Structure formats: structure tokens, C-alpha cells
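# Structure assessment
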Amino acid sequence: MKGSRRRFGARERFMLVLILPAFAILVAFQIVPILIGANASFRSWSLFDPQKTFVGLANYRRILADPIFYGTVLPNTLVFMVGSVTGGLVAGLGLATMLNRKFPGARLVRVGILLPLMVPPVVAAIMITWMFNDQFGVVNALLGTLGLEPVPWLVYRWTSFAIVVMTDVWLWTPWFTVLILAALQSLPLEPHEAARIDGAGPWQVFRNITLPLLRPVLMVCIVVRAIDAFRVFDIVWTITKGGPARSTEVFSIYAYKQAFVYLNFDLGTAASLIGAAIIMVVGGVLYKTLSYVVEVSR
Amino acid sequence: MRRRTFLKTVGGGSLALGASRAVPATAQQVELKVGYMPHPIHENSIKWMKVWAAERKVTLTLVPISYEVYVEKMTANLTSRGGQYDVIWHNDDWGQLWGRYLEPVDDVPALKKLSRFIMEPYFQWEGHDTAVPFVETIGTFFYRADLLKDTEVPRTWDELIKTSQRLQKDGKVKWGFVGGMKYPHGWFTFFWSIWANGGDLMLPVHERRNAELAKNGWKSGLAQPEAVQAVEFWWDNIHTHKIAPPGQPGYSRDDANAIFMAGDSAMTMADTTLYGKFNDPKQSKVAGKISVTQFIIGPRAKFKSIAWRDPWAWAIPIHVDAAKKKAAKELLSWLNLTHDVQLDLWKATGGFPPNEDVQRELVKTDPVFRKFRAVTVESEKLIHGAFYFARWPEFFATAIDYLVRAVTGPRENIKATLEEGAKHTSEIAART
């Protein structure tokens, strides 16, 4: 009794009052919709005629047995996640290393590199779609000047998919750059100087000193971006809508199409919850790996 | 005491709020919120809505919604009884989804002036009409009249290929034909060609009554010889004859229209409602150089001509208040009964006015309308351009996926892909 009173003293109550508005918003706009969605996933619930009959796990069984889901959507999502995170990380690391040096116009270059971060993803995706338009696009025009045949980029699975990944990498590289640059600038100078005195070349210094010291930051970047990339919707929807013939469909597009194109709200919500479970597992594994790697690198 | 004061305040406030909501809208200025798609036809209709609203001091609030998300957004609005719209755009192939959520409009006088063909079966729910058409949407072939004389216009698929190749060889155009293919734009390539080859998406051919489709086991027509041949026709046009752009399987109707309006294609297939846009020199390089013809007929067809005839309509959500319903019905009737509105619709856009009196008047006075009518609604076969079972949105999207997969894969896989598609789409339809 005494203990509980001590825990909820005036200070704690004040803190709870401060938290309350944010908590209320979270409940209203996150928790309640998730619960409604979870409820719908156990019912027969079409968007145009919500019968709401309880059907148990039938919707989950249908999603898990759908060849598009396990044969196309899940592999696409994982390939997108790996491709986007790897591309962004490598490009961001390279740019951050370059920007960490002093050179004339460095500030201007930094601002220029940050520009994609300020472009809304949908705008970027529309721009990219036009660039790769087979009739009016600048990419095919360039190919034409080189005497090459135009390519129908958005008709084939892997060219479409590559464009989507490339767009995401372009949009997210500045984010990686900013974080890695901040980390680079906070690294201790002594290990680098000692290595140079010992005769290590720039690559050896980077490989054996800089990279291990950056590892905690890189791991945080990877986990955060990987979880975010798993949920990608806007870029894929704007560029391919999951096409041609569902071949570039990723997880969020699949759930959206079930709920709002096919109007099967029940299957859409079941798919969303399956996705949430998968990302929780993937996120958990990544987090454990991060903790382990950071611990080892200490 | 303090608690009581609080309850009084809250209770009093709620009552006041409730009372203010209960004041009939007739006592205030009526506001009509219109949910529409940015399209020349809608914009024309809205132009006249504004005239009507200004005369009657009605406030019109216009809410544009992209076609790509229209069905899902509006379905969610109707099922949740949202107050975002008082008048909504309604299309024939959504009739089965929205019927129960729409205000019956049997009492709208203008409906007596319309052909029942553009009302049934889709704009009927439990014996009541549920929408008021504002245009007839009819697909037709547009061609470059400056490149092709009337006698040179292709009538068969074979002629389409030869004519296109001749024009391409002469350097007149980049492409012979262009049309939208990807979901939801398959009408402008796959669907017309399947229909013009004597096939259909569901069997029996040309049947649209759900009871009859059910009696036939919800059998998809995707793997029938007519459909397979139509897909082979497109495969050859893109890969072998090269008369259509290689990017076509990824085109929406807007992509295809842009190529036609840029003067890069000799022919396209589109709704007549695009005539005004194609003929607008500000938007189109082919303005003043276009004409129309009937669907180009495939080798398996046992008829000389075929066309689809469907409406776009305005409807009223059942949950809007009585004063708004009354005003909306008056507006929708006025749009159809006012000859100036109907004539302007045709002249500005190429959309057929639904009022049959006006159509008769135009047949007498307007040779262009006469030609449009001759190549479309006067065709030997007249069908509806969609199906009206509950699972049609899923059927439609899935069918297009298989058709696109077939046309972008190896030619020898077309039949197998369509057989798989037929099985899958039949299963979807049977869940209705």
C-alpha cells in the first residue's frame, strides 16, 4: 500500500497527466483501428456488404495459402528490403565519407545531397515514372542518342522492380548520409592517427578502424530502415501499382489491394496482421543481432 | 455540486449541438457536396451544376477524387455513412456494390426521357432506380482522318495490321494503334478485342444477368478460343508486327491518350467522351484531324458490328438529409431535361446526352453525332461493358492481371496462362 502510494506521488501523477493527451491520441488513432482491423480479420467482412459473421482463422488460412502471397509478395518484400537498405547504406556511407573531408563548396554539396530527403515520395515516384516512360521519358531519349533501342521499363518485372528499388535508394540515401556523417564527425581521432603512424593506408584505416567504430550507428540505421522498407507503399503504388500482373507487389500493396481493390476488408486486415507478425519477428531478430554486434564491437 | 454543474454544462451543450443539427436544412442555405472524378465529362456536368446552383442560391462544394481510388474511397464513405458527399459519381459496374446505400430516384422526372438499356440491370436495387445518368459512355475507335480516307479505315484485324504497317513505313506515325491495357484500363485493348472477336469475359456470351451466369456455373470466358486469339493478336501487334508500343501492357488510358494526342499513333480506342479533348488544339496535336469508326472485327465474330453502351451517373447517398435529397434530385433532373445542358455536353466533349429527345434532335441536325451514333449504338450487337455481380472488382482486376501476364510472356504460354486465369476468375465469380 505504502509502496504503491510512493510510486504514484504528485510528481508521477503530473507525469501521467502530461502523457495522457499523447496516450489518448495513440489509443484513438492507432490502438482502436488495429483492434477493429483485428476483429475484421476473424469475420466475413466485405467492404461493400459487411456481414461480420465470425469465421475464425479462415481468412488467415486463405492468405497463407495464396501462391501470390508466399510466392511473389513475401520474396518481393524481402528483396526490396535488402536491396533498398543495402543500396542506401552503401551510397550513404560513401557520400558521408566524402563529405567528411574538407573541400571547397562542401556545404553546397551537403545541401544538394540532402535535397531528395525533402521531396515527397509520391512526387519523386511520379517524376521517376515519367523519366522511364517508354515514349516520352528522358532515359529512353538518352538511349536513343546512343543509338540504342528504347526499353519498355515498366512492362517487365525486374526492370520495374529495379526502378522502384532505385527510387527508394535515391530518396533514402541522404538520411543514411546525415546519420553516418554525424557519427563520423564524432569518432575519436586517436585510433586513426595511430593507425596512420603505423603505416596503414586509407582503405586499411577505413576498413579496420572507421567501419568498426561506426558499427553501432550503422546497425541502428539498418534496423530502422529495414522495418520501414518492409512497410513500403507509396513508391511502389505510384510507379507500378504492384504490376505488371502483380509481379512487383510488396506486402503493403497486397494488403491494400485485398481490402480496397478487391473490397475484401477481412482478407486485407488478416494480411496486415500477418505482416505485422512477420515484421515483429524480423525486427526482433535484427534487434538481437544489433545488440550482439554492438556488444562484440565494444 | 461541482460534478452536477459539469454534467449540466456537458448535457446542455450536447442538447444545443443536437438541436442545431436537427434544424431542417431547408431553413438554411442548402449545400451539396459533390464527389467526382476530374474528367472532361464530369467537368462539363459540374459547369452546369454551378449554373443551377447559382440560380437557386445553393452552395456547391466540389470534391475531386482520383479514378484510381474512387471505388474504394466511395464504398468506404457509403458503408460508414460518412457525410463527405451528397451527390456522387456512379458507374454501371458499381451498381451491385452500392445499390443498398443509395437513395431511390424513381421520382426524378428526367428518367422517363432515358433508354432503359442504360439503367438495367445495374442502377436497380429492389425494384427502384438508384442513379440518374448524365452521359452515355460508349467506346469507339478514333482514327486520324488526315491519314486515312473513309475507304481506307480498317474493318478487320488483318487490315488493322496492314494499314498500320503502311503508315509506319511511310513515316506518318510511330505506331498504328495505342490503347490502355493495365488495370483498370483493359477496355481499350483486351476487352474490346475479345468482344469484337465474338468472345466475352463470362459465359454465356453477352449475358449480364447474374441468375443466368450462376445457372451456367459462373464460367469465365478467358480461356475460350476468341479470348486466346485476341491476346495472341495483341502479342503479335506488340512483339511481331510492332504496330503497338512495347510499353502498352503498362499503359493506362491516359498514357495511350497522350500518345494519340501527340500525333504518334494513327488509331486509338477510347470513350466518345474523349472526343472534345482529342479535338482541343490546346491539348492535342491531332485536333481537327480525327474521326470515328466501329470496333475492328476479329476473325471469329459472327456479326458485323458490336459496341458497348453504358452510362455514367450521379447518385445520392441514402443517409443524406431530406432537404439535400430534394435539392439533389431537382438538380439531377434539371441536368437531363435542360436541352442546352445536354447539347453542350455533346458539343464540348463528345459524350452522348442521355435524353433521347435530344439524341433524336441531334440525329436530325448534327452529321458528326449521326456518324458517332451509327458506329456505336446502332451496331448489330449492343452489350454492357462490364458485369454486375458482387465480386466483379476482384474478377476484373484478376482477369487483367492474367491478360497482361499472357501478353508479356512467351507466346506459346498464352493459352496456358489464360486457362489458369479462367479457373481463378471463375472461382472469384462463384463466391458472389
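Just so you know, these numbers come straight off a predicted model, no measurement behind them.

Right, let's talk about the overall build of chain B for a bit. In terms of helices and strands, chain B carries 16 helices and 13 strands. Computed over C-alpha atoms, the radius of gyration of chain B comes to 24 Å, within 12% of the 22 Å expected from 2.2 N^0.38 for 432 residues, which places it in the range of a compact globule. Overall, the C-alpha framework of chain B stretches about 90 × 50 × 40 Å when taken along its three principal axes. Here chain B holds 432 residues, and 50% of them are scored as buried. Looking at chain B alone, contacts between residues at least 24 apart form 76% of all its contacts between residues at least 6 apart.

Another point: the overall build of chain A. The helix and strand tally for chain A stands at 13 helices and 2 strands. By the compact-globule yardstick of 19 Å for 298 residues, chain A is too spread out, its C-alpha radius of gyration being 24 Å. Taken along its principal axes, the extent of the C-alpha atoms in chain A is 80 × 75 × 30 Å. Burial status across chain A gives 35% buried among its 298 residues.

The figure often quoted for interface size is the accessible area lost as the parts come together. Residues and elements named next belong to chain B. Segmenting chain B into domains produces domain 1 (28-137 + 310-375) and domain 2 (139-308 + 389-430). A C-alpha centroid distance of 27 Å is found between domain 1 and domain 2. Listed per partner, the contact involves 18 residues of domain 1 and 18 residues of domain 2. Elements with a minimum of two residues in the side of domain 1 that touches domain 2: α2 (40-56), α4 (95-98), β6 (132-137), α12 (339-349) and α14 (367-375). In terms of residue class, the side of domain 1 that touches domain 2 is made up of 10 nonpolar, 5 polar and 3 charged.

Further remarks concern the interface of chain B and chain A. Contact residues are listed per partner, giving 21 residues for chain B and 17 residues for chain A. Secondary-structure elements contributing two or more residues to the side of chain B that touches chain A are α3 (67-79) and α15 (392-408) of chain B. No other element matches α15 of chain B, which puts 7 residues into the side of chain B that touches chain A. For the side of chain B that touches chain A, the residue count by class is 10 nonpolar, 5 polar and 6 charged.

Let us now look at the sheet that holds strand β8 (residues 175-178) of chain B. Residue and element names in this part refer to chain B. Taken in spatial order, the 4 strands of this open sheet run β8-β9-β7-β10, and their pairing is mixed. Each edge of the sheet is formed by a strand with only one pairing partner; in this case those strands are β8 and β10 (290-293). Here the average twist between neighbouring strands, direction ignored, is 25°. Note that strand β7 (residues 139-144) and β10 share 4 bridges and pair antiparallel. Residue phenylalanine 141 lies in a different strand from β10, and its bridge partner there is threonine 293. Along the sheet, helix α9 (residues 253-261) contacts β7, β8 and β9 (265-271); its crossing angle with β9, the most-contacted strand, is approximately 140°. Against the sheet, α14 engages β7 and β10, with an angle of about 35° to β10.

With that settled, the discussion passes to the sheet that holds β6 of chain B. In a beta sheet, neighbouring strands are held together by backbone hydrogen bonds and run either parallel or antiparallel to one another. All names here are of chain B. Read from one edge to the other, the open sheet built from 5 strands follows the order β2-β1-β3-β12-β6, with strand pairing classed as mixed. The sheet is open, and its two edges are formed by β2 (59-64) and β6, each paired on a single side. Averaged over all neighbouring strand pairs, the angle between strand axes comes to 25°, with direction disregarded. As paired elements, β6 and strand β12 (residues 310-315) share 5 bridges and run antiparallel to each other. Within the sheet, the bridge partner assigned to valine 135 lies in β12 and is tryptophan 312.

The assigned domain composition of chain A is domain 1 (1-33) and domain 2 (42-297). With centres defined by C-alpha atoms, the gap from domain 1 of chain A to domain 2 of chain A works out at 36 Å.

Turning next to the pairing of β2 of chain B. Residue and element names in this part refer to chain B. Examined bridge by bridge, strand β1 (residues 31-36) and β2 share 6 bridges and lie parallel to one another. By the bridge assignment for β2, tyrosine 36 is matched with proline 64. Once the chain exits β1 it traverses α2 before rejoining the sheet at β2, and the crossover so formed is right-handed.

On to helix α9 (residues 190-197) of chain A. Taking burial as the measure, the 8 residues of α9 of chain A include 0 buried ones, a minor fraction of the element. Two residues or fewer after α9 of chain A comes glycine 199 of chain A, characterised by a positive phi angle close to 95°.

Within soluble globular proteins, side chains that are nonpolar generally end up buried alongside one another. Core analysis: the biggest nonpolar cluster contains 188 residues, and Val132, Phe142, Val231, Trp314, Leu403 and Leu418 of chain B have the highest contact counts within it. Broken down by element, this core gets its largest block of residues, 11 residues, from helix α8 (residues 157-185) of chain A. When near neighbours in sequence (up to four residues on either side) are disregarded, valine 231 of chain B contacts Leu403, Ala406, Val407, Ile414 and Leu418 of chain B.

Because an α-helix packs 3.6 residues into every turn, residues spaced three or four apart end up facing the same way. Residue and element names in this part refer to chain B. Burial in helix α8 (residues 225-240) covers these residues: Glu226, Ala227, Val228, Ala230, Val231, Phe233, Trp234, Asn237 and Ile238. Elements in contact with the buried residues of α8: α5 (157-169), β8, α6 (190-196), α15 and α16 (414-430). Downstream of α8 by a residue or two, lysine 242 has a phi angle that is positive, lying close to 55°.

Definitions and cut-offs
Residues numbered from 1 in each chain as written. Chains lettered and ligands numbered in written order. Predicted model: local features only at pLDDT ≥ 70, side-chain atom pairs only at ≥ 80, totals over all residues. Helix = DSSP H or I, 4+ residues; strand = E, 2+ residues; numbered from the N terminus. Rg over C-alpha atoms; globule rule 2.2 N^0.38 Å. Buried ≥ 20, exposed ≤ 12 C-beta atoms within 10 Å, placed from the backbone. Contact = placed C-beta atoms within 7 Å. Domains from an automatic or database assignment. Nonpolar A, V, L, I, M, F, W, Y, C, P; charged D, E, K, R; others polar. Pairing = 2+ DSSP bridges. Axes fitted to C-alpha atoms, helices over the stretch in contact; angles between N-to-C directions. Right-handed = clockwise from strand over helix to strand, strands pointing away. Core = buried A, V, L, I, M, F, W, Y, C linked by C-beta atoms within 7 Å.

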